[in-house]
Amino acid sequence: MKKSSLYLALLLSCFPAAVFAIEMPHTEHQPPAQHDYTNIQQINAALTVENATAKATIPGAKVSSGYMKIINNSDKAITLTGATTAIAKHTEFHRMFMRDSKMAMRKVDALEIPAKGSVTLASNGYHLMFMGVKNALKADQVITVRMQQADGEQFDVQLLVMPLKKH
């Protein structure tokens, strides 16, 4: 009897703390309100970028990747020839493809967005590759990538860093 009363008292003493912990708001995965990230970024009259994201990095990793949909609303094709960001030493356009039944990746020198069309940068095709990442990319961080067009024009895109997926 004494053991069960002690056990019950211990259980009840922990219960309010458990309720308190459940009611506490969990803000670890909420994007901070102070950044300017939005899912749809109107770059100019010709270009719109949607759902621009980057992958968070695991500790010690020096590479990451970026994804987005780039929409060309103009009557002529737009060619992207490069990208840079302060978070990495090098940024390149890459393309995933199958070689001998294995996935392979290769640098792409230019990326053409067709007139009145779009290009999607995704993990299984074209994407941005950040190499020599200087500091770990953490979920909900916003990074800026500057895109270079063939005509010399440049524009900035905000990418929201997404949390690592648990497998």
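Scoring rules and cut-offs
Residues numbered from 1 in each chain as written. Predicted model: local features only at pLDDT ≥ 70, side-chain atom pairs only at ≥ 80, totals over all residues. Heavy atoms only, no water. Helix = DSSP H or I, 4+ residues; strand = E, 2+ residues; numbered from the N terminus. Buried < 20%, exposed > 50% of the residue type's maximum accessible area, 1.4 Å probe, protein only. Areas by Shrake-Rupley, 256 points an atom, 1.4 Å probe, with all protein chains shown as cover. Core = buried A, V, L, I, M, F, W, Y, C linked by side-chain atoms within 4.5 Å. Contact = heavy atoms within 4.5 Å. Salt bridge = Lys/Arg side-chain N within 4 Å of Asp/Glu carboxyl O. Pairing = 2+ DSSP bridges. Polar contact = N/O pair within 3.5 Å; in protein donor to acceptor, adjacent residues only side chain to side chain.

As recorded in an unreviewed UniProt entry, the chain goes by the name Transporter, listed as coming from Photobacterium andalusiense.

On to the overall build of the chain. Of regular secondary structure, the chain possesses 1 helix and 11 strands. Shown N-terminal to C-terminal, the secondary structure of the chain runs as helices and strands in the order α-β-β-β-β-β-β-β-β-β-β-β. Within the chain, the proportion of its 167 residues that are buried is 33%. For the chain, the computed accessible surface area is about 11,000 Å², with 58% contributed by carbon and sulfur atoms.

In this section: the nonpolar core. For soluble globular proteins, nonpolar side chains are generally found buried alongside one another. Among the nonpolar cores identified, the biggest contains 30 residues, and Met 68, Ile 70, Leu 128, Phe 130, Met 147 and Leu 159 are the most heavily contacted of them. Setting aside its immediate chain neighbours within four residues, Leu 128 contacts Ser 64, Ser 65, Gly 66, Met 68, Ala 83, Thr 91, Glu 92, Phe 93, Leu 121, Val 145 and Met 147.

What follows deals with the pattern of salt bridges. Tallied over the entire structure, the rule returns 3 salt bridges. Taking the shortest distance from any N to any O, the salt bridge between Asp 75 and Lys 116 comes out at 3.6 Å. Taken together, the residues span a long stretch of sequence, with Asp 75 in the loop between strand 3 (63-72) and strand 4 (78-84) and Lys 116 in the loop between strand 7 (111-113) and strand 8 (118-121) at a distance of 41 residues. Where Asp 109 meets Lys 107, a salt bridge forms, and the shortest distance between an N and an O atom there is 4.0 Å. Given the relative accessible area of 46%, Lys 107 is considered partly exposed.

In this section: the pairing of strand 9 (residues 126-133). Where strand 3 and strand 9 come together, 4 bridges link them in antiparallel fashion. Paired with Ser 64 across the bridge in strand 9 is Phe 130. With 7 bridges joining them, strand 5 (residues 88-99) and strand 9 adopt antiparallel strand pairing. Note that in strand 9 the partner of Thr 91 across the bridge is Phe 130.

A word on unusual backbone geometry. Even without being a glycine, Asp 100 presents a positive backbone phi close to 50°. Among the structural elements, Asp 100 can be located in the loop between strand 5 and strand 6 (102-108). By relative accessible area, which is 70% here, Asp 100 ends up exposed. A positive phi angle is found at Asp 140, which is not glycine, with a value near 75°. Checked against the element boundaries, Asp 140 lands in the loop between strand 9 and strand 10 (142-149).

Structurally, Asn 72 is set in strand 3. Only 2.7 Å separates the side chain of Asn 72 from the side chain of Ser 74, close enough to count as a polar contact. Polar contacts involving the side chain of Asn 72 include one to the main-chain carbonyl oxygen of Lys 76, which spans 2.8 Å. Look past the residues within four positions of Asn 72 in its chain and what remains in contact with it is Ala 46, Leu 47, Ala 77, Ile 78, Ile 113, Pro 114, Ala 115, Lys 116 and Gly 117.

Attention shifts here to the side chain of Gln 149. Note that Gln 149 resides in strand 10. Assessed through its relative accessible area of 7%, Gln 149 is described here as buried. In this structure, Gln 149 is in contact with Leu 47, Ile 78, Thr 79, Leu 80, Thr 81 and Phe 155, ignoring residues within four places of it in sequence.

On to the pairing of strand 5. The sheet contact formed by strand 5 and strand 6 spans 7 bridges and is antiparallel. Looking at strand 6, one finds that Met 96 is bridged to Met 105. The loop that links strand 5 with its antiparallel partner strand 6 comprises 2 residues; one of these, Asp 100, has a positive phi angle of about 50°.

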